[in-house]
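Structural overview for review
Letter by letter, the chains look like this.
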Amino acid sequence: MDWLNKPSKFITGLIFVVSSFIACKDKVDPNAKPKAAPPTIVDVLVAASQPISNSIEVNGTVVANEYVELHPEASGRLTFLSVPEGKTVKAGTVIARVNDADLKAQIEKSKVLLDLAQKTEERYKQLLAVNGLNQSDYDAALNTVNGYKADINYNQALVDKTVLKAPFDGIVGLRQVSLGAYVSPTTLIATMQQLDKIKVDFNLPEQYVDIVKIGGTVDVEMDASSKSRKKAVIIAIEPQVNQSSRNLTIRAILKNSQAKNPGAFVKVYVNAGVDAKAVMVPTNSLIPDDKNNQVILIKDGKATFVNVSTGLRMANNVEITKGVSPGDTVVVTGVLFARPKAPLHVRSVKTLEQFNALNNNSNTADQ
């Protein structure tokens with residue numbers, strides 16, 4: 001009965017016995033097989049050929065038909081300034097004048113000297129006719145006359161440079177200087193633009209160089225909210241490809257369109273050919289790799305990773321040109337959890353339109 005007097009030792013021993021029993025019971029059998037992981041739940045799409053609109057969407061910039069920065073050709077103080085901001089002016093309208101008093105005074109001085117030189121030249125001419133004067137003296141007098149005429153023409157050209165005129169019919173921008181300011185050829189007086197025709201510049205990857213040509217048309221979306229499009233005619237193509245972006249710069253013109261101011265952003269849609277049949281899959285079914293893109297196909301209930309080649313890309317879909325055939329089952333959701341040769345559990349089979357609707361609804365909810 002000695003153990004009854006020592007209850008703490010008894011309890012400790014009891015706990016040790018129970019723990020040893022549990023440990024022995026839970027000991028893992030080395031020959032037992034591990035439990036298999038449950039199949040990954042995925043949604044799939046059955047690939048099928050369908051017609052696509054082979055149209056390329058690129059960003060464009062509105063450009064004025066004509067644009068110029070108005071700078072004076074001469075330095076000096078502004079004695080006249082007429083900048084009708086935001087209004088249309090005719091070609092040849094005087095915009096500004098620089099002080100030309102010194103130049104005009106020089107012209108008057110040259111005219112006086114010219115008058116005297118001409119009279120001297122006439123007298124020498126008469127003397128030369130009667131052999132009363134050497135030919136060299138007459139030539140010097142004639143040269144003096146021509147020199148003063150040249151001085152007058154030169155100074156008149158400088159006077160003309162003091163007058164700044166509108167080079168074409170167009171809208172004048174904001175005035176940048178005030179009357180009485182000292183200006184130089186680097187001083188900006190205002191800008192001027194011709195908006196009766198609107199140009200659109202856009203860049204196109206060099207791989208599409210064969211689908212555009214001068215005289216061809218593109219669709220320009222001027223207003224994203226209304227989705228209205230206008231036809232523009234291609235008038236010029238930059239002959240050299242940009243070496244950094246590998247893009248080709250193209251210019252098209254919209255006649256009688258003032259929907260956007262120069263510098264504004266527009267969408268340009270280029271027709272890349274007739275509609276064709278293509279295998280399309282949702283963009284989120286692609287697995288990017290260092291060298292190739294991959295998609296997951298279901299074969300015999302297991303995941304099969306295949307390399308694919310892509311073609312035309314759209315907002316939510318991408319064309320598969322190689323690697324997927326019509327009738328293949330493509331995994332769309334659960335892509336990140338699938339493993340090669342691992343079993344998959346198909347939760348649902350949806351069409352491409354259903355996946356696009358889900359993506360659009362998700363984007364709307366995020367906004």
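Above this text you will find the structure in question.
So, how was this worked out
- Sequence positions are assigned chain by chain, starting from 1 and proceeding in written order.
- Where local features are concerned, this predicted model is filtered to residues with pLDDT of at least 70; where side-chain atom pairs are given and counted, the filter is 80 or more; whole-chain, interface and lining totals use all residues.
- Heavy atoms throughout the structure, all of them, feed into the side-chain values; hydrogens and water do not.
- Paired rings are identified among Phe, Tyr and Trp, the last through its six-membered ring, by centres lying within 6.5 Å, and are further divided according to the angle between planes into stacked (under 30 degrees), edge-to-face (over 60) and tilted (the rest).
- A ring is scored as having a charge over it whenever the NZ atom of a lysine or the CZ atom of an arginine sits within 6 Å of its centre and within 35 degrees of its normal.
- Segments assigned H or I by DSSP are reported as helices when at least four residues long, segments assigned E as strands when at least two residues long, and all are numbered from the N terminus.
- Helices are assigned an expected span. That span is 1.5 Å times one less than the residue count.
- Three labels apply to residues, based on accessible area from a 1.4 Å probe with only protein chains included: buried if under 20% of the type maximum, exposed if over 50%, partly exposed otherwise in between.
- It only takes one pair of heavy atoms within 4.5 Å for two residues to be counted as in contact.
- One speaks of a salt bridge when a side-chain nitrogen belonging to Lys or Arg is within 4 Å of a carboxyl oxygen belonging to Asp or Glu.
- The set of buried Ala, Val, Leu, Ile, Met, Phe, Trp, Tyr and Cys residues whose side-chain atoms join them within 4.5 Å is what this entry labels a nonpolar core.
- If DSSP finds at least two bridges between two strands, the strands pair.
- Here a cavity means grid points, on a 1 Å grid over the protein atoms only, where a 1.4 Å probe fits yet cannot get out; a pocket means an open set of points with protein on both sides within 12 Å along at least five of seven lines; lining residues are those with an atom within 4 Å of a point.
- Grid points are joined across faces, edges and corners, and a volume is the space filled by probe spheres set on the points.

**Things to note about the packing of aromatic side chains**
- What the rule picks out here adds up to 0 aromatic pairs.
- When the ring centre of Y269 is taken as reference, the NZ or CZ atom of R229 above it lies at 3.6 Å.

**Description of helix α3 (residues 135–161)**
- The terminal C-alpha atoms of α3, which comprises 27 residues, lie 39 Å apart, in line with the 39 Å expected from a rise of 1.5 Å per residue.
- Within α3, the full set of buried residues consists of Y138, A141, V145, I152, N155 and V159.
- Contacts from the buried residues of α3 go to α2 (101–129) and β7 (163–165).

**Considerations on the pattern of salt bridges**
- As enumerated under the stated definition, the model contains 8 salt bridges in all.
- One salt bridge in this structure joins E108 and K111, with 4.0 Å as the shortest N-O distance. Of this pair, E108 and K111 both sit in helix α2, 3 residues apart, roughly one helical turn.
- Taking the relative accessible area as the measure of exposure, E108 reaches 47% and is therefore partly exposed.
- Assessed through its relative accessible area of 43%, K111 is described here as partly exposed.
- Residue K231 is joined to D219 by a salt bridge in which the shortest nitrogen-to-oxygen separation is 3.0 Å. You can see K231 sitting in strand β12 (residues 228–237) and its partner D219 sitting in strand β11 (residues 217–223), a full 12 residues away along the chain.
- K231 gets classed as exposed once you look at its relative accessible area, which sits at 57%.

**So, unusual backbone geometry**
- Despite not being glycine, N131 has its phi angle at roughly 60°, a positive value.
- Classification of N131 as exposed rests on a relative accessible area of 72%.
- Non-glycine residue D300 carries a positive phi angle of around 55°.
- Relative to the assigned elements, D300 resides in the loop between β17 (293–299) and β18 (302–313).
- Owing to a relative accessible area of 80%, D300 belongs among the exposed residues under this scheme.

**Quick look at the nonpolar core**
- Core analysis: the largest hydrophobic core is formed by 23 residues, its most contacted members being F202, V218, V220, V268 and V270.
- At the level of elements, β3 (55–70), β10 (190–205), β11, β12, β13 (247–255) and β14 (265–271) are the ones that each hand at least two residues to this core.
- Those residues within four positions of V220 in sequence are excluded, and the remaining contacts are V200, S228, R229, K230, A232, L254, V266 and K267.

**Considering α2**
- Along its 29 residues, α2 runs 42 Å from first to last C-alpha, staying within 8% of the 42 Å computed at 1.5 Å per residue.
- For α2, the full list of buried residues reads L103, I107, S110, L114, A117, T120 and E121.
- Those residues of α2 hidden inside the fold are in contact with α3.
- Immediately beyond the C-terminal end of α2, within one or two residues, lies N131, with a positive phi of roughly 60°.

**Regarding the pairing of strand β19 (residues 317–322)**
- Two elements, β18 and β19, share 3 bridges in a ladder whose sense is antiparallel. Of the residues in β19, the one forming a bridge with R313 is V318.
- Counted along the chain from β18 to the antiparallel partner β19, the turn is 3 residues long.

**Quick look at the layout of surface pockets**
- Quantified by volume, the largest pocket comes out at close to 390 Å³.
- Forming the boundary of the largest pocket are 15 residues, of which S55, E57, Y269, M314 and A315 lie nearest the centre.
- Secondary-structure elements contributing two or more residues to the lining of the largest pocket are β3, β14 and β18.

**Focus on the sheet that holds strand β6 (residues 94–98)**
- Here 4 strands make up an open sheet; going across it, the order is β7-β6-β4-β9 and the pairing antiparallel. Edge positions in the sheet fall to β7 and β9 (182–183), since each has one partner strand and no second.
- Where strand β4 (residues 76–81) and β6 come together, 3 bridges link them in antiparallel fashion. The residue bridging F80 from the neighbouring strand is R97, located in β6.

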